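# Descriptive structure summary
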Amino acid sequence: YTGPNNFGKPVGARMSVLVDISSKGTWKFVWHSFIEGTHNTEENDSWLKIEADDFYGNRGDLGKHYPKGVPETPKVNGASDQGFLKIYRNGNPAVWRMDARTSDHEYLFVYADFDAPGTYKLTVAGRSYGHYIDRLVLYHLGTYEDKDSQAIFLSHPETRA
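All of the points below concern the structure found in this document. Note that this is a predicted model, so its numbers are computed, not measured. (Residues numbered from 1 in each chain as written. Predicted model: local features only at pLDDT ≥ 70, side-chain atom pairs only at ≥ 80, totals over all residues. Heavy atoms only, no water.)

## A word on the overall build of the protein chain
Stated formally: Note on conventions: DSSP H or I runs of at least 4 residues are helices, E runs of at least 2 residues are strands, and numbering of each starts at the N terminus. The reference for a compact globule is 2.2 Å times residues^0.38; the radius of gyration itself is calculated from the C-alpha atoms. Accessibility here uses a 1.4 Å probe with only protein chains present; expressed as a share of the type maximum, an area under 20% marks a residue as buried, one over 50% as exposed, and anything in between as partly exposed. Method for areas: the Shrake-Rupley scheme with a 1.4 Å probe, in which residue coverage is limited to the protein chains shown. For the charge count, each Lys or Arg is scored as positive and each Asp or Glu as negative, with His and the chain ends excluded. Positions of charges follow a simple convention, taking NZ of Lys, CZ of Arg, CG of Asp or CD of Glu.
Counting its secondary structure elements, the protein chain contains one helix and twelve strands. For 161 residues, the compact-globule estimate of 2.2 N^0.38 gives 15 Å, and the protein chain sits close to it at 15 Å. Principal-axis analysis of the C-alpha atoms places the extent of the protein chain at approximately 40 × 40 × 30 Å. Counting all 161 residues of the protein chain, 45% fall into the buried class. Only carbon and sulfur atoms are counted for the fraction: they give 51% of the accessible area of the protein chain, which is about 8300 Å². Counting 18 positive and 21 negative side-chain charges, the protein chain places the averaged centre of each group 2 Å from the other.

## Structural notes on the pairing of strand β11 (residues 118–125)
Put simply, the test is: A pair of strands is treated as paired once DSSP finds two or more bridges between them.
Here eight bridges tie strand β1 (residues 14–21) to β11, and the two strands are oriented antiparallel to one another. The residue of β11 that forms the bridge with D20 is T119. Pairing geometry for strand β3 (residues 45–50) and β11, over four bridges, is antiparallel. When the bridges of β11 are listed, I50 appears paired with L122.

## Details of the nonpolar core
Stated precisely, the cut-off is as follows: By nonpolar core is meant a set of buried Ala, Val, Leu, Ile, Met, Phe, Trp, Tyr and Cys residues that side-chain atoms within 4.5 Å join together. Note on contacts: a residue pair qualifies if any of its non-hydrogen atoms lie within 4.5 Å across the two residues.
Formed by 24 residues in total, the largest nonpolar core has its most connected members in F29, L48, I50, F114 and L138. At four residues, strand β2 (residues 25–35) tops the list of elements feeding residues into this core. Contact partners of L138, with chain neighbours within four places excluded, come to V19, I21, W27, K28, F29, I50 and F114.

This is the structure:
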């Protein structure tokens with residue numbers, strides 16, 4: 001993302017794609033991204049909204065946390081608005097990394113629950129100048145026995161949306 005920082009609200013450049021969900025259930029989201037700067041907590045995030053039946057951050061011991069702008073509680077820590085979550089990654093800057101977390105200082109994974117197969121909208125909006133994304137991965141939790149390790153292989157074919 002090369003536009004201005006949009007830390008408070010998802011008002012920056014947006015990209016929406018329609019995704020075909022083949023099975024009802026819980027799907028996990030990660031992306032492959034790059035931090036242009038020299039610090040791993042700056043230029044490391046963008047906005048994400050998945051128009052699912054339930055969209056949230058979760059880590060087993062903390063339970064579900066929701067974006068601001070939806071009725072469910074509790075809410076995520078830090079920035080969130082209009083049903084968008086701030087999605088960040090940590091790790092070394094200037095290195096591509098497969099990761100997506102939400103809720104400041106809680107490091108929650110990102111999930112979407114779908115009650116039925118169908119076509120759903122996923123929207124990414126620019127938040128931090130210098131945060132680049134080259135792959136979005138949304139996979140059904142029942143698909144891979146070894147969780148992320150198989151689902152995030154960059155050798156998997158790209159699905160055009």
